[in-house]
Amino acid sequence: MKITKYRSKPQKGNKRPVYIDGARSAFVKSFGVFGESDVLELYSRVMDGLLRKNQLDPHEVDDSIAGVVVPQSKNTNVGRDAVLNLGLPRHIHGQTLNR
């Protein structure tokens, strides 16, 4: 039996991953100025700021990666939830990393 290894088919264009920029929410004391904000609101504002700062067309974005310190059960995948919250194109994947 011959074993076939899967290869990704080359697509038009370069399709190499490109890291554009990164940002974080402001560093403040717990339960301080952002005490009433949830992680989705904070990350949505960060992501919106990155898109505006870098003048990116959302249709050119393929992925959103969010990092959280303390994950919430309400928004377990804030990377994807922020894409939907901001009304960005639904093709954008989102993922959330935590430690």
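Here the structure is shown first, and the text comes after it.
Residues numbered from 1 in each chain as written. Predicted model: local features only at pLDDT ≥ 70, side-chain atom pairs only at ≥ 80, totals over all residues. Heavy atoms only, no water.

J.: Residue-level account of the overall build of the protein chain, with values.
T.: For the protein chain, the count of helices and strands is two helices and two strands. Listing each helix as α and each strand as β along the protein chain from the N terminus yields α-β-α-β. Evaluated residue by residue, the protein chain yields a buried proportion of 22% over its 99 residues. With an accessible surface of roughly 8,700 Å², the protein chain has 53% of that area assigned to carbon and sulfur atoms. (Helix = DSSP H or I, 4+ residues; strand = E, 2+ residues; numbered from the N terminus. Buried < 20%, exposed > 50% of the residue type's maximum accessible area, 1.4 Å probe, protein only. Areas by Shrake-Rupley, 256 points an atom, 1.4 Å probe, with all protein chains shown as cover.)

J.: An account of the pattern of salt bridges is needed here, citing residue identities and associated values.
T.: Under the criterion given, the structure shown has four salt bridges. Here Lys53 makes a salt bridge to Asp21, at a shortest N to O gap of 2.9 Å. Pair noted here: Lys53 is in helix H1 (residues 39-53) and Asp21 is in the segment before H1, with a separation of 32 residues, a long-range link. We classify Lys53 as exposed; its relative accessible area is 58%. (Salt bridge = Lys/Arg side-chain N within 4 Å of Asp/Glu carboxyl O.)

Any functional reading would require information beyond the geometric quantities listed.
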